[in-house]
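Coordinate inspection notes
If you want the building blocks of each chain, they are given just below.
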Amino acid sequence: MSRDISQPEQGIPIGRRVFLGIAGLGILGIVFGSKVQSAVGETIGTGIGGLLPGGDRFRIYSITGSFPNIGSTDYRLTVSGLVDHPMTLTLDDLKSMPSVHLVKDFQCVTGWRVPQVHWEGVKLSDVIDAAGARSQAGGVEFSSFDGADTESLTLSQARRSDVIVAYRMLGGPISSSHGGPVRLYVAPMYGYKSLKWLSGIRLVEKPVPGYWEQNGYPVDAWVGNFDGRQDAPIT
Ligand SMILES: Nc1nc2c(c(=O)[nH]1)N[C@H]1C(S)=C(S)[C@@H](COP(=O)(O)O)O[C@H]1N2
Ligand SMILES: [Mo]
């Protein structure tokens, strides 16, 4: 893996205050020692799994240094741009659509991977179809309630069945730190495509590269592009 790829995340200031309220950080600090201190986003386990070898060990990232706190009844997702029916969806609206359950690895481009994570949500393609993409639409742009992160996909990438608008992960509702109540999960691509605190989906002619791409990450984020594997989704 190229060292340059990891630069943007290393440069992100993560406010200490964000982590003060998270139980168990002290214990994790002892268990993982200096590794935790040097990690940009801290290494926070989710339950006991975070303390076990091979357990889930996500590093929590936030460009802004804080986590938007959005109640599940307050949540709104807007679908706009080149669509026949612009929509605003509640969490209940999303939950009333056909759900998909994926069990897949989560891979950050900087090297860490969490194996076999359970995800649940709706296919992004179902949301796009509900709004009715116009024929000129060639891409999809995503925005976040953090007011900072943006992402984008081509329309054909967005229509893959392993690209979902997720409302559950790790066996429960998505926590605020993981981007809840609703985040994107783009299974075949590196983690930076999986935008947290998803606020908007906008259909456009040609997608503008998102925040991470503007900071040096590749627009084509297929897992494997930087570690010698082929351009294939993880299974
Ligand atoms: N809004 C927002 N989404 C984001 C990020 C972020 O900083 N802000 N970081 C991205 C990166 S680089 C990764 S690897 C994953 C990490 O997900 P996690 O914080 O749930 O571990 O979220 C992605 N989505
Ligand atoms: Mo990442």
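Higher on the page you've got the structure.
Reference entry: report on the structure contained in this document. (Residues numbered from 1 in each chain as written. Chains lettered and ligands numbered in written order. Predicted model: local features only at pLDDT ≥ 70, side-chain atom pairs only at ≥ 80, totals over all residues. Heavy atoms only, no water.)

Attention now moves to the pairing of strand β8 (residues 150-154). Looking at chain direction, strand β7 (residues 139-144) and β8 are connected through five bridges and run antiparallel. Directly across from Gly 139, in β8, lies its bridge partner Thr 154. (Pairing = 2+ DSSP bridges. Helix = DSSP H or I, 4+ residues; strand = E, 2+ residues; numbered from the N terminus.)

Turning our attention to unusual backbone geometry. Cis peptide bonds are those with omega within 30 degrees of zero, and the linkage from Gly 180 to Pro 181 qualifies with 5°. Following the sequence through the fold, Pro 181 ends up in the loop between β10 (172-173) and β11 (183-186). A positive phi angle, close to 50°, is found at Gln 116, a residue other than glycine. The backbone phi angle of Trp 197 is positive, close to 55°, even though this residue is not glycine. One can find Trp 197 in the loop between β11 and β12 (198-204).

This next bit is on the side chain of Asp 146. Along the chain, Asp 146 turns up in the loop between β7 and β8. Side-chain polar atoms of Asp 146 contact the backbone nitrogen of Asp 149, separated by 2.9 Å. When near neighbours in sequence (up to four residues on either side) are disregarded, Asp 146 contacts Thr 64, Pro 68 and Trp 197. (Polar contact = N/O pair within 3.5 Å; in protein donor to acceptor, adjacent residues only side chain to side chain. Contact = heavy atoms within 4.5 Å.)

Under the defined criterion, the tally for this structure stands at seven salt bridges. A salt bridge links Lys 193 to Glu 151; its shortest N-O distance comes to 3.3 Å. Note that Lys 193 is positioned in the loop between β11 and β12 and Glu 151 in strand β8, a separation of 42 residues in sequence. Glu 151 matches Lys 193 in its accessibility class, with the two residues each being buried. (Salt bridge = Lys/Arg side-chain N within 4 Å of Asp/Glu carboxyl O. Buried < 20%, exposed > 50% of the residue type's maximum accessible area, 1.4 Å probe, protein only.)

The final tally for this structure, using the stated rule, is twelve aromatic pairs. When the centroid spacing of 3.8 Å and the interplanar angle of 5° are considered together, the rings of Trp 119 and Tyr 185 count as stacked. Note that Trp 119 is positioned in strand β6 (residues 113-123) and Tyr 185 in strand β11, a separation of 66 residues in sequence. One exposure class covers both Trp 119 and Tyr 185, and it is buried. (Phe/Tyr/Trp six-rings, centres within 6.5 Å; stacked < 30°, edge-to-face > 60°.)

Bear in mind that shape data such as this cannot, by itself, settle questions of function.
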